[in-house]
Amino acid sequence: SAAGQGTMDMNYLQQDPRVAREMISLLERQLVEIRTAAEANPNDYNVYAKWGELLLELSMFKNGDEATQILSQCINKLEKSLSIFPDNPHPMIVLASALNARAFLQHDTQVALS
């Protein structure tokens, strides 16, 4: 059906190792570019928002401690973006997703609830 076309199915991407490797490679290249952009423009809230978004996407291809570490970096970048421009809704939405994803990875309910 045409209704399902055009939407990205993360489960499919994660299950196909070749596609997953390509996506991880693309995300890692974008992360190098965004890090360079952040060094050039350390007060650009959009750079940090995009950086956080890329890290959130990358975390979806990882498991366990590696995913948790990437999500922590993601949350840090989004909080940095919001410290520069607090009323920007986009990083707030991505931050909510990152916190939700981190909570699902936590085995300790006290950590997950914090």
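Everything below is about the structure printed above this text.
The model shown is predicted, which means the values in this text are computed figures rather than measured ones.

Caption draft 1: Main features of helix α3 (residues 45-59). Its 15 residues give α3 an end-to-end C-alpha distance of 21 Å, which sits within 8% of 21 Å, the value for a rise of 1.5 Å per residue. Of the positions making up α3, those classed as buried are V47, Y48, A49, W51, G52, L54, L55, L56, L58 and S59. Turning to α3, the residues buried within the fold contact α2 (17-40), α4 (64-84) and α5 (89-105).

Caption draft 2: Spatial organisation of the pattern of salt bridges. For the structure on display, the rule yields 2 salt bridges. A salt bridge links R18 to E22; the nearest nitrogen and oxygen atoms lie 3.3 Å apart. Of this pair, R18 and E22 both sit in helix α2, 4 residues apart, roughly one helical turn. Given the relative accessible area of 47%, E22 is considered partly exposed. When the shortest N-O distance is used, the salt bridge between E66 and K62 registers 3.5 Å.

Caption draft 3: Molecular detail of the side chain of S59. Topologically, S59 is positioned in helix α3. Among residues more than four places away in sequence, those in contact with S59 are A67, I70 and L71.

Caption draft 4: Spotlight on the nonpolar core. One finds L31, W51 and A98 to be the most contacted residues of the largest nonpolar core, which totals 25 residues. Elements represented by at least two residues in this core include exactly α2, α3, α4 and α5. Element by element, the count of residues in this core is highest for α2, at 8 residues. Excluding residues within four positions of it along the chain, A98 makes contact with L56, L71, C74, I75 and L78.

What counts, and at which threshold
- Residues numbered from 1 in each chain as written.
- Predicted model: local features only at pLDDT ≥ 70, side-chain atom pairs only at ≥ 80, totals over all residues.
- Heavy atoms only, no water.
- Helix = DSSP H or I, 4+ residues; strand = E, 2+ residues; numbered from the N terminus.
- Expected span 1.5 Å × (residues − 1).
- Buried < 20%, exposed > 50% of the residue type's maximum accessible area, 1.4 Å probe, protein only.
- Contact = heavy atoms within 4.5 Å.
- Salt bridge = Lys/Arg side-chain N within 4 Å of Asp/Glu carboxyl O.
- Core = buried A, V, L, I, M, F, W, Y, C linked by side-chain atoms within 4.5 Å.

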